[in-house]
Every structure is written in C-alpha cells, then in structure tokens.
Amino acid sequence: MRLNYKRSVVLLGALAGTGIFSGSAFAADMVLQRHCEALATRFKTIDMSHMSPDKLEAARRQAAHGEHLCKSSPEIGVKALDLAFKDAGFAST
C-alpha cells in the first residue's frame, strides 16, 4: 500500500511539473508570436521610397515569408523579419 502511494505521488508530481513547464513555454511562444506580428506590421508601415525596385521586392518577399512563419514558428519568423529589415536598410529593434 505504501509503495502504491509513493508511486502515485511521484507520478502526480511529474505530471504537475510537466504542465507548469509546458504552460510557461506556451506563454513564451505567445510573446514571441506577438513580437513577430508587431515586426511584420512595422515593416509594412515603413517608407521605402529610397530603395531600388529589386531590393524592395527582395525585402518584401523576405518579410512576407517571415510573416507567414509567425504563425507556425515565431522564432524563425522574427529572424526572417530581421533579415527583411536589414535588406531594407533599417534596424529591427
């Protein structure tokens, strides 16, 4: 009886720990996703009249790719948007 009790306590502790860690990972992912979406919005509002058409098209394509990745993998989306800002000659932060 005592062994079953200890086993269930350990199992419950492991499940609770997993839930806590996955909850914090989910929250961090949401923050990163919001940051990614904010970068995409900011990229769309920047005046890019100084750029050549070829560079502008490349930067827009990179930004569209980053915006698409914001939903599935926000960390990679942020990196792609950073590259788009760099291609456009702006700092992303």
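For the structure, check the block above.
These lines cover the structure that appears in this document, whether it is placed above or below. (Residues numbered from 1 in each chain as written. Predicted model: local features only at pLDDT ≥ 70, side-chain atom pairs only at ≥ 80, totals over all residues. Heavy atoms only, no water.)

1. Focus: the side chain of Gln33
Looking at where Gln33 falls in the secondary structure, it is placed in helix H1 (residues 2-45). Assessed through its relative accessible area of 17%, Gln33 is described here as buried. Other than its neighbours up to four places away in sequence, Gln33 contacts Cys70, Lys71 and Pro74. (Helix = DSSP H or I, 4+ residues; strand = E, 2+ residues; numbered from the N terminus. Buried < 20%, exposed > 50% of the residue type's maximum accessible area, 1.4 Å probe, protein only. Contact = heavy atoms within 4.5 Å.)

2. Looking at the nonpolar core
Phe43, Met48, Met51, Leu81 and Ala88 are the most contacted members of the largest nonpolar core, which totals 16 residues. Listing elements by their share of this core, those giving two or more residues are H1, helix H2 (53-72) and helix H3 (74-88). The leading source of residues in this core is H3, at 5 residues. Here Phe43 is in contact with Met48, Ala59, Arg60, Ala63, Ala84, Phe85 and Ala88, once residues within four sequence places are set aside. (Core = buried A, V, L, I, M, F, W, Y, C linked by side-chain atoms within 4.5 Å.)

3. A look at the state of the cysteines
The tally for this structure, following the rule as stated, stands at 1 disulfide. The residue that forms a disulfide with Cys36 is Cys70, at a sulfur-sulfur distance of 1.8 Å. Here the S-S torsion is close to -75 degrees, and the disulfide linking Cys36 with Cys70 is therefore left-handed. In this pair, Cys36 is assigned in helix H1 and Cys70 in helix H2, connecting sequence segments 34 residues apart. Each member of the pair, Cys36 together with Cys70, is buried. (Disulfide = S-S within 2.5 Å.)

4. Some points on the pattern of salt bridges
Enumeration over the complete set of coordinates arrives at 1 salt bridge. The partner of Lys44 in a salt bridge is Glu67, and the shortest N-O contact between them spans 2.9 Å. Here Lys44 is found in helix H1, whereas its partner Glu67 is found in helix H2, with 23 residues between them in sequence. (Salt bridge = Lys/Arg side-chain N within 4 Å of Asp/Glu carboxyl O.)

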